[in-house]
Amino acid sequence: MATSKDERSHQGQNEVIFVSAPGKVILHGEHAVVYGKTALATSLNLRTFLRLKPTADGKVTLRLPDIDLKQTWELNSLQETFSDLLGKDAKDCKPPTKEQIEKLKTVDGYHEEDGTKGMALIAFVYLYLSITGSKKLEGCNALVVSQLPTGAGLGSSAAFSVCLAASLLRKVGAISVCGDSSLTTSDLELINKWAFEGERLIHGNPSGIDNSVSVFGGALRFKNKPQVSITPLEKMPQLRILLINTKVPRSTKELVAGVRKKLDRYPSIINPVLEAVDNLAITCESVLKEMASAQTGDQMTLMLQLEELVDMNQHFLSILGVSHPSLQQICLTTSQYGLHSKLTGAGGGGCAFTLIRPNTIIKTIDAIDAKMRKCGFEAWETCLGGVGVVCHRSREDLEKFEAPADIYSDSDSDSD
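Calculation rules
- Residue numbers run consecutively from 1 along every chain, following the written order of its sequence.
- This being a predicted model, a pLDDT of at least 70 is required before a residue's local features are given, and a value of 80 or more before pairs of side-chain atoms are given or counted; all residues contribute to the totals for chains, interfaces and linings.
- With hydrogens and water set aside, each side-chain value is computed from the structure's full complement of heavy atoms.
- Only DSSP runs of H or I covering at least 4 residues are called helices, and only runs of E covering at least 2 are called strands; the numbering of each starts at the N terminus.
- When we talk radius of gyration, it's over C-alpha atoms, and the globule rule is simply 2.2 Å times the number of residues to the 0.38.
- The buried label applies to any residue whose accessible area, calculated with a 1.4 Å probe on protein chains only, is under 20% of its type's maximum; exposed applies above 50%, and partly exposed to all values in between.
- Any two residues whose heavy atoms approach within 4.5 Å at even a single point are treated as in contact.
- Here, Shrake-Rupley sampling with a 1.4 Å probe gives the accessible areas, and only protein chains in the shown set may cover a residue.
- Within this scheme the basic residues Lys and Arg register as positive and the acidic residues Asp and Glu register as negative, but His and the chain ends are omitted.
- In plain terms, the charge of a residue is placed at NZ if it is Lys, CZ if Arg, CG if Asp and CD if Glu.
- In this analysis, the expected span of each helix is defined as 1.5 Å times one less than the number of residues it contains.
- Any Phe, Tyr or Trp ring, taking Trp's six-membered ring, that has another such ring centre within 6.5 Å forms a pair; planes under 30 degrees apart are called stacked, those over 60 apart edge-to-face, and the others tilted.
- When DSSP finds two or more bridges between two strands, those strands count as paired.
- The term polar contact refers here to a pair of N or O atoms within 3.5 Å; inside protein, the definition further demands a hydrogen-donor-capable atom paired with an acceptor-capable atom, and it admits residues adjacent in sequence only when both atoms are side-chain atoms.
- Looking at any residue, its pLDDT shows the predictor's confidence there, from 0 to 100.
- Only buried residues count toward a nonpolar core, which is a set of Ala, Val, Leu, Ile, Met, Phe, Trp, Tyr and Cys residues joined through side-chain atoms within 4.5 Å.
- To define axes, lines are fitted to C-alpha atoms, for helices over the stretch in contact only, and angles between the resulting N-to-C directions are given on a 0 to 180 degree scale.
- Take the far helix as the reference: if the near one is turned anticlockwise from it by less than a right angle, the crossing is left-handed, and if turned clockwise, right-handed.
- When residue character is reported, Ala, Val, Leu, Ile, Met, Phe, Trp, Tyr, Cys and Pro are called nonpolar, Asp, Glu, Lys and Arg charged, and the others, Gly included, polar.
- Orientation labels follow simple angle bins: below 35 degrees gives roughly parallel, above 145 gives roughly antiparallel, 65 to 115 gives roughly perpendicular, and whatever is left gives oblique.
- A pair is scored as a salt bridge if a Lys or Arg side-chain nitrogen falls within 4 Å of a carboxyl oxygen belonging to Asp or Glu.

Once that is clear, we can look at the overall build of the protein chain. A count of helices and strands for the protein chain gives 13 helices and twelve strands. Its C-alpha radius of gyration of 22 Å places the protein chain within 12% of the 22 Å reference for a compact globule of 416 residues. With the C-alpha coordinates of the protein chain rotated into their principal frame, the extents come out at 60 × 45 × 40 Å. Relative to its 416 residues, the protein chain shows a buried fraction of 54%. Taking as baseline every contact in the protein chain between residues at least 6 positions apart, the subset at least 24 positions apart corresponds to 75%. Element-wise, carbon and sulfur atoms account for 50% of the exposed surface of the protein chain, whose accessible area totals about 18400 Å². Charged side chains of the protein chain number 45 positive and 49 negative; the gap between the two group centres comes to 4 Å.

Between its first and last C-alpha atoms helix α8 (residues 252-265) spans 20 Å; for 14 residues at 1.5 Å apiece the expected length is 20 Å, and the two agree. Buried residues in α8 make contact with α9 (267-293).

What follows covers the packing of aromatic side chains. Under the defined criterion, the tally for this structure stands at three aromatic pairs. Judged by centre distance (6.1 Å) and plane angle (10°), the rings of F124 and Y128 are stacked. Of this pair, F124 and Y128 are both found in helix α4 (residues 116-132), four residues apart, which corresponds to roughly one turn of the helix. For Y128, a relative accessible area of 1% corresponds to the buried category. One aromatic cluster in this structure is built from W73, F124 and Y128.

On to the environment of G321. By the element assignment, G321 lies in the loop between α10 (296-319) and α11 (325-335). In the structure, G321 is positioned 26 residues away from G347 in sequence and 9.0 Å away in space, judged by C-alpha atoms.

Quick look at the pairing of strand β1 (residues 17-28) now. In terms of burial, β1 is a largely internal element, twelve of the twelve residues being buried. The sheet contact formed by β1 and strand β2 (residues 39-54) spans eleven bridges and is antiparallel. Counted as the bridge partner of P22 is R47 from β2. Direction of pairing for β1 relative to strand β12 (residues 390-392): antiparallel, over a ladder of three bridges. Across the sheet, the residue bridging to V19 is C391, located in β12.

To continue, consider the environment of N192. With respect to the helices, strands and loops of the structure, N192 is situated in helix α6 (residues 185-203). Remark: the alpha-carbon pair of N192 and A39, spanning 153 residues in sequence, is separated by 19 Å. If we skip the residues at most four places from it in the chain, N192 touches N211, S212, V215 and F216. Polar side-chain contacts of N192 include one of 3.3 Å to the side chain of S212.

Scored by pLDDT, the protein chain comes out at a mean of 89, with 94% of its residues at no less than 70. In this model, residues 1-10 is a region of pLDDT below 50 whose contacts with residues beyond four sequence positions or in other chains number twelve contacts. Across residues 411-416, where pLDDT falls below 50, the model places eleven contacts with residues more than four positions away in sequence or in other chains.

In this section: the nonpolar core. Y128 and V389 are the most contacted members of the largest nonpolar core, which has 115 residues in total. Sorting elements by how many residues they give to this core places α4 first, with twelve residues. Listed in part, the ten residues of the second largest apolar core include V145, V390, L398 and I407.

Residue alternation in strand β4 (residues 69-74) divides its side chains into a buried set, L69, Q71 and W73, and an unburied set, K70, T72 and E74. For strand β3 (residues 59-64) and β4, the ladder comprises six bridges, and the chain directions are antiparallel. Bridge pairing in β4 places L64 opposite L69. Taken together, β3 and the strand that follows it, β4, pair antiparallel across an intervening segment of four residues, in which D68 is found at a positive phi of about 55°.

Below, the discussion takes up the packing of α6 against helix α7 (residues 209-216). Direction vectors running N to C along α6 and α7 enclose 145°, while the axes themselves pass 9 Å from each other. For the pair α6 and α7, the crossing hand works out as right-handed. Residues L188, E189, I191, N192, A195, F196 and E199 of α6 form the contact with α7, whose participating residues are D210, N211, S212, V215 and F216. Partitioning the contact of α6 with α7 into residue classes produces six nonpolar, three polar and three charged.

Below, the discussion takes up the packing of helix α5 (residues 156-171) against α6. Interaxial distance between α5 and α6 falls to 8 Å at its minimum, and their mutual angle equals 135°. With respect to α6, the element α5 is oriented oblique. Crossing hand, α5 versus α6: right-handed. Contact residues: S157, A158, F160, S161, V162, A165, A166 and L169 in α5; L190, I191, W194, A195, G198, E199, I202 and H203 in α6. Within the contact of α5 with α6, the residues separate by chemical class into eleven nonpolar, four polar and one charged.

So, on to the pattern of salt bridges. Tallied over the entire structure, the rule returns 17 salt bridges. Where D92 meets K94, a salt bridge forms, and the shortest distance between an N and an O atom there is 3.7 Å. In this structure, E138 engages K171 in a salt bridge whose closest nitrogen and oxygen atoms are separated by 3.8 Å. With E138 in the loop between α4 and β5 (140-146) and K171 in helix α5, this pair connects stretches of sequence that are 33 residues apart. Look at K171 and you get buried, because its relative accessible area is 5%. One continuous salt-bridge network, built from bridges that share partners, spans R221, E285 and K289.

Pasting the structure below:
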């Protein structure tokens, strides 16, 4: 028997909702994408999980234990302060005005010096009020735990925004009963619109690729000139990688500015490099499509092509000045085992990934992992190209996605 829209809304308001969304890696196109070149991004099999639990105490609580954030607001106070955000249709997604953003910065718990952490808090308040304000506001407790490191260029803030948008839209019945097979294209597009607004609050002027990968999963081709174009790849093979976080802090803004200076100083040299990165990303897309449908015997030949592209792109990124001794160390170490690595994201530290061949033995991965940890790095073996946002129906489903136990456990008090 079909479930009506009103029934879906009632169920959403009274149920405990579980949602997860993946992070992302940039395969190719870092920095070149700023100049209108092609970038390829793919979902990462490391996820952020959110539990949204209704409460009857007249309070709204957000908990992010991974970054030591917990904040509780009185429902009445939020209603009075931000009445202009209430009463709107959850399916009518519009960005906040400059005046509304300034008002949001007065919310309890926000401190400008907290940077992205503070803006994540504002994003929560905005999405909560704008989406659930279409109904009668009710208390809730949102717990967010993640397998993604923060500030590493892996889309952790986008996964957070996607989880928030999906859970709140489910709460008010604006999207269908959840499950990776039952979210319609229109559901996913609506989640993506709201998640992008969350990302805008956190980062100011994001490209939209991080939240899009997190919502839709798989792989996407992205260009931002002459206009923004985000196109899902029709087929994406499951690729194993070793993801390595150098833990070296870096400023994306400074790295982007550094590439601009090189381009201004040596245009006849740097422009061809950017053009080569564009062609490299396009070639990689073609190889991935072949790989997704190739016979087993052809897989190794195509894997060798992917490895060559990874090596070339890492050299191009070094020419652009965005590599780092820590990243070079990763490339050198993994090459000693016949594997190929490149930085992902802004560079200057941050993360790199290593392609793992299908015939790579566990002993090799363990040896590389040990060397990485000896350098002070952190490594995970994971996969690329998995599913996007999922609203989970059961504990068994959460366990299938290897959710942290805290997300479905009531052993931790929601009121402590």
